[in-house]
Amino acid sequence: MSVLKAVKILAIGILVLFLALFTFLWFTQLQFLKPRIERLVSEATGQEFRVDGAFSIDVLPRPMLVVERASLSSPDWGSEETMLSLGHARIQLTLSGLLQDPIHVERVEVGELHVLVEYGPEGQLNWQAPTKSTEPLADNEDDVPSSDAPLEPRLPVEVIAASLNDIQLRYIPPGEEAMTFAIDSLQIDKTDPEFSTLTVQALFAELPIDLSAEVNRTHTSISGTIGELSLNSQYAYPDNKVNFKTRLSALATIGKMIEINNLPDEDLDLQGRVSIDGSQLLIEGFSVTLSGLTLNLDASVDTETSNVEAQWKIKGDSLTYLDNTLPELPYALEGNLNYQGDKVDLARFLANVGDSDLQGKASVTLSDIPTLTLKAESQKIDLSPFMADSHDTAPEEDTTSVSPEPSEPESSTQYVFTEAVLPLELLDRVNADIHVGIDTFIAQGTQLKNINSEVSLDNGALVAHTSFSGIQGGHYENHLNVTHKGKDSEIRVETQAEQLRVGLLAGSDIDPDDIPPTNLDIQLRATGNTQRALASSLDGLILIQQGSGKVSNALIDRFSGDIIAQLFHALNPFAKDEAYSNWECSIIALDFQSGDGTVDGFLMQSDKLMVLGAGAVDLNDESLNFEFNTKPRKGVGVSADMFVTPFVKLSGTLAKPRVGLNKKGVLLSGGAAVLTGGMSFLYKGVMDRASAESGQCDKVMEQVTASFKALEEESQQ
């Protein structure tokens, strides 16, 4: 046989074999592989995998996989019989697509796919595959292939068209209610290589989602609804940039979705650009716009060092947009923020709210003990728009009458100062250096100027100094020292005020000259790390002296507690009928020794009456024992018959105080022994002359000053 003839016979044999294989692949759907695939999936998952419907694999003329009514059983502890069920699936390819990288899948159709994800009683996941023992890896590193080439994550296949219907993922977290994400319909069409479309109707956490998208090489458009929220977004991505513009309708709808009320029913617009320049991620021209509110941001992030630089600005027409209980004031905030290594630096900030302003700089150094620095200044801070305007009106109803046997107010605790340990250890966890200066400060009926506050916190020692002047005169100084030493922590307070006129209790409508000047001299020291320890160790002096002027009776009620208001109206029966009380002077002097406070002087003298007081407050058991004697002044049309009794008593405890009437006047009429030193003589002499003489304030002040001086000299010995 010649060689040529042998070649012809071989070629005919190969052709016959090829035709036989081609015919086999054309007409055979490889159903015989179904049991093997069921077994392989079952072994891989550890659960039974079954295909109860059609199963076919076509190779020619178009490669295609068809599966119907497939299921994967749940573990024995599962809440349902199956953790996967599939109604039908069809995956279609082309022969040319199989040869491409990635593999091109011409069309995918999936319907009635339900997946369950849950945890078992021992915390195991139902989709956790059974572990198999493996041979140890070779110790020789040369046996392990390696490559220095970077790995580029990508999908191994590209789907040209897809239709997914009735897809449901049900997730049951341990000990919580199930969450369901359902896709009613998902359609993808990429048959046009220059243009793709996507539509989806889904449900997540009972929130319906209906979105559609159009995508090409340089632009993406997304529109649709999420619940009641409408979305319209445009994205352009030339070079290494992404320009975006989005509108959400409306903000009130977003508020409902995240459980925030009172947001305006207006559209929210977002736009900006994100780009990459080397290691820099740039955010440029980012803005959020809402009617009456604008936020602007420019930032850069170094992806290698994580350094951040940002410039931001927020501007709004009215605070009412943020909260309808706030006043209608315009506001603006802006600043520069830098983050580098272990330091966050607010290099510049500026805030304006109405006529108020604040500017400065701040930084935080991150370490085992962070350090905060702040330097800020303001020309004016006005809080009056945030406060009610009803303080100048008298109470509509008299609720301060005192009965001889008053009921005790409710209190859930025995003591006001509890055994709760104060978090003074926080002073050891941060260092701080703070300076704040305010030229003018305005609050309801109060104006201060030249406020200067300095706070230093270093290794658990807090030192604070605050000073200011009254807009109508006078000066105030306060020094606070707190040192954390565990149970031996110490707090010192020193406060002095001289002829300070702030109008806090006078109101905003009176002449500045009618505001009573106030003198303060407070020197207190306490040790301990609980409220009770500090209260029971309190030592020091408190002296409050107020000069001639008007005091708003309504503001007394507003700024004091119920029990103080009751006491004030019991001592001054004219307060309920008059807007102001014309006081000639007020003097309150207390001396604390180991928490036991004694009133060394109490005098209030108006144009109609005089009130003297004496008694004690013991912070060890928080008991109160005060008595006040009220006497009318002669020549002003006031008689003693206008008073039920001149004696008013404050007793009980700080937690349960009581105001009552005492016709006997134990402390001030016959109980001179309870008063210290020569004070009993002072009270008796003053009260005897109260109706006949004026100018008792200076005499009482001289006596109190002498008594305090003696106490100071005694404490220094």
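Residues numbered from 1 in each chain as written. Predicted model: local features only at pLDDT ≥ 70, side-chain atom pairs only at ≥ 80, totals over all residues. Heavy atoms only, no water.

**As for the overall build of the chain**
At step 1: Within the chain, the secondary structure is distributed over 10 helices and 35 strands.
At step 2: The burial tally for the chain puts 35% of its 717 residues in the buried class.
At step 3: Accessible surface computed for the chain: about 41,400 Å², of which carbon and sulfur atoms make up 55%. (Helix = DSSP H or I, 4+ residues; strand = E, 2+ residues; numbered from the N terminus. Buried < 20%, exposed > 50% of the residue type's maximum accessible area, 1.4 Å probe, protein only. Areas by Shrake-Rupley, 256 points an atom, 1.4 Å probe, with all protein chains shown as cover.)

**A word on the pattern of salt bridges**
At step 1: Tallying each qualifying case throughout the model produces 13 salt bridges.
At step 2: For the salt bridge of Arg348 with Glu334, the shortest nitrogen-to-oxygen distance reads 3.1 Å. Highlighted residues: Arg348 in strand β19 (residues 343–353) and Glu334 in strand β18 (residues 331–340), separated in sequence by 14 residues.
At step 3: Salt-bridge contacts for Arg492 lead to Glu490; the nearest nitrogen and oxygen are separated by 3.4 Å.
At step 4: Through salt bridges with shared partners, one network takes in Arg247, Asp267 and Asp269. (Salt bridge = Lys/Arg side-chain N within 4 Å of Asp/Glu carboxyl O.)

**So, the confidence of the model for the chain**
At step 1: In this model, the chain carries a mean pLDDT of 79, and residues with pLDDT of at least 70 account for 71%.
At step 2: Here residues 137–152 is modelled with pLDDT under 50, and outside its nearest four sequence neighbours on either side it reaches 1 contact, counting other chains as well.
At step 3: In this model, residues 390–411 is a region of pLDDT below 50 whose contacts with residues beyond four sequence positions or in other chains number 32 contacts. (pLDDT = per-residue confidence, 0-100. Contact = heavy atoms within 4.5 Å.)

**Quick word on a nonpolar patch on the surface**
At step 1: Taken together, the side chains of Leu322, Leu326, Leu383, Phe386 and Met387 present a nonpolar region at the surface, about 380 Å² in accessible area.
At step 2: Along the chain, Met387 turns up in the loop between β21 (371–382) and β22 (431–443).
At step 3: Judged by its relative accessible area of 31%, Met387 is partly exposed. (Patch = residues over 30% accessible without salt bridge, like charges linked within 9 Å, V, L, I, M, F, W, Y side chains within 5 Å.)

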